[in-house]
Amino acid sequence: NAGVTQTPKFQVLKTGQSMTLQCAQDMNHEYMSWYRQDPGMGLRLIHYSVGAGITDQGEVPNGYNVSRSTTEDFPLRLLSAAPSQTSVYFCASSRRRDRRPETQYFGPGTRLLVL
Amino acid sequence: AQTVTQSQPEMSVQEAETVTLSCTYDTSENNYYLFWYKQPPSRQMILVIRQEAYKQQNATENRFSVNFQKAAKSFSLKISDSQLGDTAMYFCAFMRANNNNDMRFGAGTRLTVKP
């Protein structure tokens, strides 16, 4: 199993450009999430999904869109990039059984720089 | 809203010694889960230990153990026999039991193990 994969590893954008960060998992996990990590602030939840066709907002959703058309993929879209979105982005997936969350598996991260 | 506070931005410990990292959280929930994650320089997020709030017994995983004080809303991590490979950022995280995937992280503690 490849686990959780993210592409690209690093991206530079100009203000106003759009792009999609890709995330895929091959563990058949129901739950997937996107986080951003900024210096001194830990990880903050952007959006999450509990299954195909179901998404919800996390702590910092503004400026980001998500969709979950398949169990495997959970792309994050920036419609109009802003310098404030410069960050490291992590995707994670997990399974939940009997109301107990199982381990969240994290991808390697995508570094995004918005000029 | 749930908040997680890690009051120690940086800590250091001598190899083979014991160190304790602090974490407090604020919630009105009665059922929830607490986690400690490790992030080495590779940026990969690794689950260290997990505690279920309804369990009174403190979780342990080899050299890692927690001191869970539910009334005080405190969740500290003790690392025994510290090793150089323990050098990393450590994040405390909170998840409600009745929420599917909304995990909140603290700002992190940078731990350095000195030879």
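Just above sits the structure.
Presented here is an overview of the structure given in this document.

Quick notes on the rules
Residues numbered from 1 in each chain as written. Chains lettered and ligands numbered in written order. Predicted model: local features only at pLDDT ≥ 70, side-chain atom pairs only at ≥ 80, totals over all residues. Heavy atoms only, no water. Helix = DSSP H or I, 4+ residues; strand = E, 2+ residues; numbered from the N terminus. Rg over C-alpha atoms; globule rule 2.2 N^0.38 Å. Buried < 20%, exposed > 50% of the residue type's maximum accessible area, 1.4 Å probe, protein only. Contact = heavy atoms within 4.5 Å. Areas by Shrake-Rupley, 256 points an atom, 1.4 Å probe, with all protein chains shown as cover. Lys, Arg positive; Asp, Glu negative; His and termini not counted. Charge placed at Lys NZ, Arg CZ, Asp CG, Glu CD. Buried area = accessible area lost by both parts, 1.4 Å probe. Salt bridge = Lys/Arg side-chain N within 4 Å of Asp/Glu carboxyl O. Nonpolar A, V, L, I, M, F, W, Y, C, P; charged D, E, K, R; others polar. Core = buried A, V, L, I, M, F, W, Y, C linked by side-chain atoms within 4.5 Å. Patch = residues over 30% accessible without salt bridge, like charges linked within 9 Å, V, L, I, M, F, W, Y side chains within 5 Å.

### A look at the overall build of chain A
Argument step 1. Looking only at helices and strands, chain A features zero helices and 13 strands.
Argument step 2. Secondary structure elements of chain A occur, N-terminal to C-terminal, as β-β-β-β-β-β-β-β-β-β-β-β-β.
Argument step 3. Relative to the compact-globule value of 13 Å for 115 residues, chain A shows a C-alpha radius of gyration of 14 Å, a close match.
Argument step 4. The principal-axis extents of the C-alpha atoms in chain A amount to approximately 45 × 30 × 25 Å.
Argument step 5. Counting only residues that meet the buried cut, chain A has 48% of its 115 residues in that class.
Argument step 6. Contacts in chain A between residues at least 24 apart in sequence constitute 54% of all its contacts with a sequence separation of at least 6.
Argument step 7. Accessible surface, chain A: about 5400 Å² in total, of which carbon and sulfur atoms supply 48%.
Argument step 8. Averaging the positions of the 12 positive and the 9 negative side-chain charges in chain A gives two centres separated by 6 Å.

### Observations regarding the interface of chain A and chain B
Argument step 1. Opposite the 30 residues of chain A that make contact, chain B presents 24 residues.
Argument step 2. Taking both sides of the interface into account, the surface hidden between chain A and chain B amounts to around 2200 Å²; carbon and sulfur atoms contribute 47%.
Argument step 3. Between glutamate 59 of chain A and arginine 104 of chain B there is a salt bridge whose closest N-O contact spans 3.9 Å.
Argument step 4. Of all the elements in the fold, those that place two or more residues in the side of chain A that touches chain B are strand E4 (31-38), strand E5 (42-51), strand E9 (87-94) and strand E11 (100-101) of chain A.
Argument step 5. Ranked by residues supplied to the side of chain A that touches chain B, first place goes to E5 of chain A with six residues.
Argument step 6. Here the side of chain A that touches chain B is composed, by residue class, of 13 nonpolar, 11 polar and six charged.

### Topic: the nonpolar core
Residue and element names in this part refer to chain B.
Argument step 1. Of all hydrophobic cores here, the largest spans 25 residues; its most connected members are Tyr25, Trp36, Phe75, Leu77 and Tyr90.
Argument step 2. Those elements giving two or more residues to this core turn out to be strand E3 (19-21), strand E5 (32-39), strand E6 (46-52), strand E8 (64-69), strand E9 (74-79), strand E10 (88-96) and strand E12 (109-114).
Argument step 3. Looking at this core, the element that brings in the most residues is E10, giving four residues.
Argument step 4. Among residues more than four places away in sequence, those in contact with phenylalanine 75 are Cys23, Tyr25, Leu34, Phe35, Trp36, Gln51, Val66, Asn67, Phe68 and Cys92.

### Overview of unusual backbone geometry
Argument step 1. Omega for the bond connecting threonine 7 of chain A with proline 8 of chain A falls within 30 degrees of zero, at -5°, which places this linkage in the cis form.
Argument step 2. Following the sequence through the fold, proline 8 of chain A ends up in the loop between strand E1 (4-7) and strand E2 (10-13).
Argument step 3. For arginine 43 of chain B, which is not glycine, the phi dihedral falls at a positive 80°.
Argument step 4. Position of arginine 43 of chain B among the secondary structure elements: in the loop between E5 and E6.
Argument step 5. At asparagine 62 of chain B, a position not held by glycine, the phi torsion is positive, near 55°.
Argument step 6. Within the secondary structure, asparagine 62 of chain B sits in the loop between strand E7 (60-61) and E8.

### Looking at a nonpolar patch on the surface
Residues and elements named next belong to chain A.
Argument step 1. On the surface, Phe10, Val12, Leu113 and Leu115 cluster together to form a nonpolar patch covering roughly 350 Å² of accessible area.
Argument step 2. Turning to its location among the elements, leucine 113 is positioned in strand E13 (residues 110-114).
Argument step 3. By relative accessible area, which is 31% here, leucine 113 ends up partly exposed.

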